[in-house]
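Understanding the architecture of this molecule
This is what each chain is made of:
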Amino acid sequence: MSLGPVMLDLEGVETTPEESEILTHPLVGGVILFSRNFASVEQLEALVQQLHEVRSPRLLIAVDHEGGRVQRFRDGFTSLPAAAHFGQVYEQDPNQARHLAELAGWLMAVELRAVGIDFSFAPVLDVDHGVSEVIGDRAFHSDPAVVTELARAYIKGMHEAGMAATGKHFPGHGCVVADSHTDIPIDEREYNDIYAHDILPFKRLVHQGLAAIMPAHVIYPKVDKLPAGFSPYWLKEVLRKRLNFQGVIFSDDLNMQGASVVGEDYADRAKAALDAGCDMVLVCNNREGALQVLDGLKGYEDPVAHLRLARMHGLHNITRRQLHQERKWKETITVLEKYQDDPSLNLDFT
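Keep in mind that what you see is a predicted model, and the values were worked out from it rather than measured.

Helix and strand counts for the chain stand at 13 helices and 10 strands. In terms of overall size, the chain behaves like a compact globule, its C-alpha atoms giving a radius of gyration of 19 Å where 350 residues would be expected to give roughly 20 Å. Dimensions along the principal axes, computed over C-alpha positions, put the chain at roughly 55 × 50 × 30 Å. Across the 350 residues that make up the chain, the buried fraction comes to 58%.

Under the 1.5 Å per step criterion, the end-to-end length of helix H5 (residues 144-160) is 24 Å for 17 residues, consistent within 8% with the ideal 24 Å. Inspection of H5 places Pro144, Val146, Val147, Thr148, Leu150, Ala151, Ala153, Tyr154, Ile155, Gly157 and Met158 among the buried residues, and these make up the whole buried set. N-cap assignment for H5: the residue whose side-chain oxygen lies 2.8 Å from the backbone N of Ala145 is Asp143. The first or second residue beyond H5 is Gly162, which carries a positive phi of 90°.

Attention shifts here to the packing of aromatic side chains. Enumeration over the complete set of coordinates arrives at 15 aromatic pairs. Each ring, one from Phe119 and one from Phe121, has its centre 5.2 Å from the other, and the planes form 90°; the classification is edge-to-face. A relative accessible area of 0% places Phe119 in the buried class. Plain terms: the ring middles of Tyr233 and Trp234 are 6.0 Å apart, the flat faces sit at 70° to each other, and that makes the pair edge-to-face. The class for Tyr233 is partly exposed, based on a relative accessible area of 27%. Within the aromatic cluster, the residues linked to one another by ring pairs are Phe170, Tyr191, Tyr195, Phe202, Tyr220, Tyr233 and Trp234.

The topology assignment puts Val283 in strand E10 (residues 280-283). Take Val283: its relative accessible area is 0%, and that puts it in the buried class. A C-alpha to C-alpha distance of 5.4 Å links Val283 and Asp253, two positions 30 residues apart in sequence. Discounting residues that sit within four places of it in the chain, Val283 has contacts with Val6, Met7, Leu8, Asp9, Asp253, Leu254, Tyr266, Gly289, Ala290 and Val293.

If you look at the biggest cluster of nonpolar residues, it comprises 115 residues, and the most contacted ones within it are Met7, Leu33, Ile117 and Phe250. Take this core: its biggest share by element is 11 residues, from helix H4 (residues 94-113). In this structure Met7 touches Gly30, Val31, Ile32, Leu60, Ala62, Phe119, Phe121, Phe250, Met280, Val281, Leu282 and Val283, once residues within four positions along its chain are discounted.

Of all 6 residues that make up strand E8 (residues 210-215), 5 are buried, and the element is covered over most of its length. Across 5 bridges, the pairing between strand E7 (residues 165-170) and E8 is parallel. Across the sheet, the residue bridging to Ala165 is Leu210, located in E8. Strand direction decides the pairing type here: E8 and strand E9 (residues 248-253), joined by 2 bridges, are parallel. Residue pairing across strands places Ile213 opposite Ile249, the latter belonging to E9. As a crossover connection, the stretch from E8 through helix H8 (residues 232-242) into E9 is right-handed.

Leave glycine aside and you will find that most residues have negative phi; peptide bonds, for their part, are mostly trans. The peptide bond linking Lys168 to His169 adopts the cis configuration, its omega dihedral lying at 5°. One non-glycine residue, Asn285, lies in positive phi territory at about 60°. Mapped onto the secondary structure, Asn285 falls in the loop between E10 and helix H10 (287-296). Even without a glycine there, the phi angle at His316 is positive, about 55°. Here His316 lies in the loop between helix H11 (303-310) and helix H12 (320-324). Among the residues examined, His316 registers a relative accessible area of 48% and is labelled partly exposed.

Those residues of H8 that sit buried are Trp234, Leu235, Val238, Leu239 and Arg240. One side of H8 carries all its buried residues, which in axial view fall inside an arc of 165°. Tucked into the core, H8 has its buried residues touching E7, helix H6 (191-196), E8, E9, helix H9 (266-276) and H11.

Pairing between the strands of a sheet comes from backbone hydrogen bonds, and it takes one of two forms, parallel or antiparallel. One open sheet accounts for 8 strands, arranged E6-E3-E2-E1-E10-E9-E8-E7; its pairing is parallel. Every other strand in the sheet has two partners, leaving strand E6 (119-120) and E7 as the edge strands with one partner each. Relative to E10, E9 is paired through 2 bridges, and the arrangement is parallel. Within E10, the position partnered with Phe250 by the bridge is Met280. The strands that H9 touches are E9 and E10; relative to E10, the one it contacts most, it runs at about 150°.

Our next topic: the side chain of His173. Its location among the elements puts His173 in the loop between E7 and H6. Overall, the relative accessible area of 2% leaves His173 in the buried class. Discounting chain neighbours no more than four positions away, the residues touching His173 are Asp126, Ser132, Val134, Ile135, Ala178, Ser180, Pro185, Ala216, Val218 and Tyr220.

What counts and what doesn't
Residues numbered from 1 in each chain as written. Predicted model: local features only at pLDDT ≥ 70, side-chain atom pairs only at ≥ 80, totals over all residues. Heavy atoms only, no water. Helix = DSSP H or I, 4+ residues; strand = E, 2+ residues; numbered from the N terminus. Rg over C-alpha atoms; globule rule 2.2 N^0.38 Å. Buried < 20%, exposed > 50% of the residue type's maximum accessible area, 1.4 Å probe, protein only. Expected span 1.5 Å × (residues − 1). Polar contact = N/O pair within 3.5 Å; in protein donor to acceptor, adjacent residues only side chain to side chain. Phe/Tyr/Trp six-rings, centres within 6.5 Å; stacked < 30°, edge-to-face > 60°. Contact = heavy atoms within 4.5 Å. Core = buried A, V, L, I, M, F, W, Y, C linked by side-chain atoms within 4.5 Å. Pairing = 2+ DSSP bridges. Right-handed = clockwise from strand over helix to strand, strands pointing away. Arc of directions from axis to C-beta. Axes fitted to C-alpha atoms, helices over the stretch in contact; angles between N-to-C directions.

Note that every value here comes from positions in space, so none of it alone points to a role or purpose.
Right, dumping it as structure tokens:
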């Protein structure tokens, strides 16, 4: 059985009988976890192990665990800085900022890999234009070149821990005030402005280890009438052809308000995203919508997407016990904690 094109969520800290049955559906390929699925590290390990045993190849297990205000698991995991903090350090010491970003990427990834999670949807590659609250300090910096540098370092750390990186939100969510979770954001800029500025981090990182990309539920009307995640122009023409991206394209959550312009029927939303070029669609916080998608996509098959998705499985298996005995883990936590107490510290990384 291959990995299907649908990623779903769970209601609680263990799978219900209904969820266990749904997860065996051939169109399901992954599970995204939220804070509601976490009670303790031990419980999380047991849940992930249960999910791994559902089918073969095993389901992809993902989470949003960027750091700062977007970190789903807290107790038992290191509190990670928001991306913008590395940008602040960069203003004073670029080398220190890059090293901190690499350490944070490694620590985020290795702690998730130690409980069996394949990947976090990270890093955020949006450029901070100072207007988007939903992005805000999730962005590394306002300069796309700095975003690229820090994200490259962060991804290097992720790779060392055995985790594939997912850049979001293509072609850029940082220039709109509206939050696509609750509104339909519209970015009125011309294509050339977006391409020269916000797309730059994606363009430069495509050939430097960026395994996956998540497009934005943002409409750029001077380019296309459809949100980027439903736009063949943005995904097939720009991302695949012009940028030559060969990795996975994940849709953002089809339950978000930004996806509503495609229609009320969730199967229609999923078909539109897949037809536009997505390899996997996320349907969260709406069980009825998820079932609509699974019913409406009967017979869907994309062998190329199967191969891309298989590369998202985590590498370098490690147990928490092994991790907690590692000197690097202890030292990295100490460094990041000192830095968060005083970002101006000139830390010694030797």
